Amino acid sequence: MPFDSKTFLKQLTLRPGVYRMYNAVGDILYVGKARNLKNRVSSYFRSTGLPIKTQALVAKIYNIDITITDSETEALLLEQNLIKELKPPYNILLRDDKSYPYIYLSRHKDYPSLTFKRSRVKKEMGRYFGPYPSSGAVRESLNILQKIFKIRQCDESFFSNRTRPCLQHQIKRCSAPCVNLISPEDYQADMQKAALFLEGKNPQVIRQLIEEMENASGSLDFEKAAEIRDQIDFLRHVQEQQSIESSSGDVDVVGVAIKAGAVCLSFMFIRGGRILGHKNYFPKITLEQGVGEILGSFLPQFYFSGARAGDHPREIVVPSMPDDADLLQGAIKQSFNVNVKISDNVRLDRAKWRQLAQSNADMSIASYLSKKENVYQRVESLRSALDMSELPKRIECFDISHTAGEKTVASCVVFTDQGPLKADYRIYNIEGVTGGDDYGAMRQVLTRRYKKLKAGEGKWPDIVLIDGGKGQLGIAIEVFESLQLTGVQLVGVAKGSTRKAGFETLIVPNQGRHNMLNLAPDSLALHLIQHVRDEAHRFAITGHRQRRDKVRKTSTLENIEGIGPKRRRELLKYFGGLQEVKKASSDEIAKVPGISKHIAGIIYDHLHSD
């Protein structure tokens with residue numbers, strides 16, 4: 001019996017709370033929060049405008065449970081607890097159960113140590129720095145501190161039982177406090193500088209050291225002054241390597257990349273103005289969501305339920321404001337008594353950080369999609385979807401690109417069960433076809449490519465994807481029949497009615513008929529097809545622009561008598577581009593090095609002859 005949404009919604013409250021959706025066998029589907037339960041839950045049952053993925057969720061709903069809360073903040077906290085406990089398949093889930101490491105400053109009275117700690121221990125009364133994104137980041141910082149300040153990193157039992165200096169002292173990584181080779185006062189001074197370094201206050205440390213170096217030099221203790229000079233040089237070198245050292249603050253910076261059904265959230269962790277490192281997350285996206293919705297679902301889990309729960313920066317910089325950002329800020333304030341600002345409109349250093357995080361996200365998702373195990377799973381899913389007996393080893397995809405019919409090109413990209421095979425990518429310049437005739441362009445490129453294959457040149461594909469509907473696919477079928485090519489699976493990739501990624505229809509020819517195949521939006525096979533199709537589209541656009549720009553430049557400058565490569569280069573360099581050259585007067589052109597007034601007149605007349 002289908003869920004009676006009308007009756008359910010009539011009695012639903014307007015108060016804030018949490019809703020839980022279940023299927024017919026009682027399994028949890030989705031957990032959500034709402035400022036207004038009636039308005040939010042009603043949005044799932046509107047007659048139009050629902051994304052396909054949300055429609056798939058609604059079709060499975062058999063029952064909805066409601067929990068009313070006193071405030072929106074309580075609703076958010078309850079939602080996070082339920083997501084962590086129930087792990088609903090339609091929610092974005094944070095899969096990050098490992099702890100984040102810290103640097104621990106012990107409470108030894110005279111000679112405290114700095115050591116690596118996997119997690120915070122409440123009974124330990126020392127001071128923690130971090131958390132750091134990885135153990136490597138912790139060890140790198142400890143290594144720097146050993147080189148500069150010679151702070152001990154041994155445990156208490158080892159320290160208390162030494163009768164002579166250990167190897168760390170011999171290689172100048174420790175001042176040997178275990179045998180009193182340094183006074184408690186001098187050691188504490190070094191430790192204070194080390195703590196300032198961990199807080200990101202390098203300039204303050206350098207100022208203190210400069211003052212100490214001058215005092216040592218004034219006292220004629222040149223050996224001590226030289227030692228401090230080396231410390232200053234090392235600190236400055238470290239500071240130069242920290243590209244964000246010029247700013248300050250505790251900030252988490254987030255980049256988000258969405259591609260071919262996958263999403264990557266790349267976090268950069270900045271504490272005291274120092275970048276401690278970054279970490280990538282690849283949550284599974286079941287519902288169709290934009291950047292704001294993804295952040296709105298992911299960030300509460302990250303700061304309440306994950307391994308970093310309780311470690312809050314003073315600011316979170318994001319590419320787009322998450323849904324219910326004010327609610328998240330209020331919940332953190334209520335739970336942890338910390339004021340956290342969420343910003344998407346940033347300038348100066350924070351804008352650079354955000355760009356860096358976004359670059360990390362873009363690069364990481366490309367790497368994630370190209371990983372062999374991920375590619376293999378997607379190829380296997382495509383084999384199953386197309387009911388092929390063997391795993392396809394080579395997939396080719398074609399796309400056409402032009403601007404209002406000008407300089408049409410066709411792209412062919414190649415994927416194997418190992419990922420993109422860029423060495424086999426090809427661009428075809430389309431000639432002798434009416435501008436804008438995509439069918440004619442597709443016929444030409446397929447004929448040219450597979451004639452060579454028929455003649456024994458190149459490798460046979462197992463699948464050929466055609467970016468287009470029945471018309472484009474029909475052209476491919478005609479070409480393959482005329483060339484008498486068999487054993488290759490043709491597939492048309494038609495955009496859905498919304499023309500958005502995730503709603504494509506596959507058209508598979510079968511004995512004179514076209515089978516229409518609509519894969520689930522979270523299908524790995526569909527994600528692979530999106531990846532291949534998007535790559536063909538990108539490569540076609542790149543090839544078209546290169547051809548178009550080359551022709552536009554050569555048609556206006558290379559055909560001018562007396563203008564060789566050197567003068568063309570000087571013209572473009574001086575004005576910054578061809579359009580600016582066209583705008584220039586004859587006198588302005590004559591100002592270019594190597595261009596006389598006579599030549600300038602010839603150039604001007606040629607550019608304005610139309």
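Residues numbered from 1 in each chain as written. Predicted model: local features only at pLDDT ≥ 70, side-chain atom pairs only at ≥ 80, totals over all residues. Heavy atoms only, no water.

Caption draft 1: Representation of the overall build of the protein in the model. For the protein, the count of helices and strands is 21 helices and 19 strands. Every one of the 610 residues in the protein was classed for burial, and the buried ones make up 48%. Summarising the internal contacts of the protein: among those between residues at least 6 apart in sequence, 63% fall at separations of at least 24. In the form shown here, the protein has an accessible surface area of approximately 30900 Å², with 47% of it arising from carbon and sulfur atoms. (Helix = DSSP H or I, 4+ residues; strand = E, 2+ residues; numbered from the N terminus. Buried < 20%, exposed > 50% of the residue type's maximum accessible area, 1.4 Å probe, protein only. Contact = heavy atoms within 4.5 Å. Areas by Shrake-Rupley, 256 points an atom, 1.4 Å probe, with all protein chains shown as cover.)

Caption draft 2: Up close: the nonpolar core. Grouped together as the largest cluster of nonpolar side chains are 30 residues, with contacts concentrated most on I103, L114, F149 and L198. Put simply, the parts of the chain that give this core at least two residues each are β4 (102-105), α5 (135-149), α8 (184-198), α9 (202-218) and α10 (222-241). If we ignore the near neighbours within four places in the chain, the residues touching L114 are I103, Y104, L105, L142, L145, I151, R152, Q153, M191, A194 and L198. (Core = buried A, V, L, I, M, F, W, Y, C linked by side-chain atoms within 4.5 Å.)

Caption draft 3: Expanded view of the pattern of salt bridges. If you walk through the whole model with that rule in mind, you get 16 salt bridges. Residue K33 pairs with E79 through a salt bridge whose shortest N-O separation is 3.6 Å. Of this pair, K33 sits in strand β2 (residues 28-34) while E79 sits in helix α4 (residues 72-86); the two residues are 46 residues apart in sequence, bridging distant segments of the chain. Judged by its relative accessible area of 13%, K33 falls in the buried class. Taking the shortest distance from any N to any O, the salt bridge between E380 and R383 comes out at 2.9 Å. Of this pair, E380 and R383 both sit in helix α14 (residues 372-385), three residues apart, which is roughly one turn of that helix. You can call E380 partly exposed: its relative accessible area is 27%. A cluster of three or more residues bridged by salt bridges with shared partners is formed by K33, R35, E79, D324 and D326. (Salt bridge = Lys/Arg side-chain N within 4 Å of Asp/Glu carboxyl O.)

Caption draft 4: Summary view of the pairing of strand β17 (residues 489-494). With five of six residues buried, β17 lies mostly within the body of the structure. Relative to β17, strand β16 (residues 463-467) runs parallel, the two sharing five bridges. Bridge pairing links I466 to G492 in β17. Where the polypeptide runs from β16 across helix α16 (residues 470-482) and back to β17, its parallel neighbour, the crossover connection is right-handed. Pairing analysis gives three bridges linking β17 to strand β18 (residues 505-510), with the strands arranged antiparallel. Residue pairing for β18: V493 is matched across the bridge by L506. (Pairing = 2+ DSSP bridges. Right-handed = clockwise from strand over helix to strand, strands pointing away.)

Caption draft 5: The confidence of the model for the protein, seen in detail. Residues with a pLDDT of 70 or more make up 89% of the protein, whose mean pLDDT is 81. Across the protein, the element-wise mean pLDDT spans from 72 in α10 up to 91 in strand β10 (residues 315-317). This model gives residues 240-246 a pLDDT under 50, and the stretch forms 14 contacts once residues within four places in sequence are excluded. (pLDDT = per-residue confidence, 0-100.)

Caption draft 6: Highlighting helix α15 (residues 438-454). In this model, α15 (17 residues) spans 24 Å end to end at C-alpha, consistent with the 24 Å of a helix rising 1.5 Å per residue. When α15 is considered as a whole, its buried residues turn out to be G440, A441, M442, Q444, V445, L446, R449, Y450 and L453. Close packing links the buried residues of α15 with β12 (394-403), β13 (406-416), β15 (426-429), β16 and α16. Measuring from the backbone nitrogen of Y439 back to the side-chain oxygen at the start of α15 gives 3.3 Å, which picks out D437 as the cap. Of the residues one or two after α15, G456 is the one with positive phi, at around 95°. (Expected span 1.5 Å × (residues − 1). Polar contact = N/O pair within 3.5 Å; in protein donor to acceptor, adjacent residues only side chain to side chain.)

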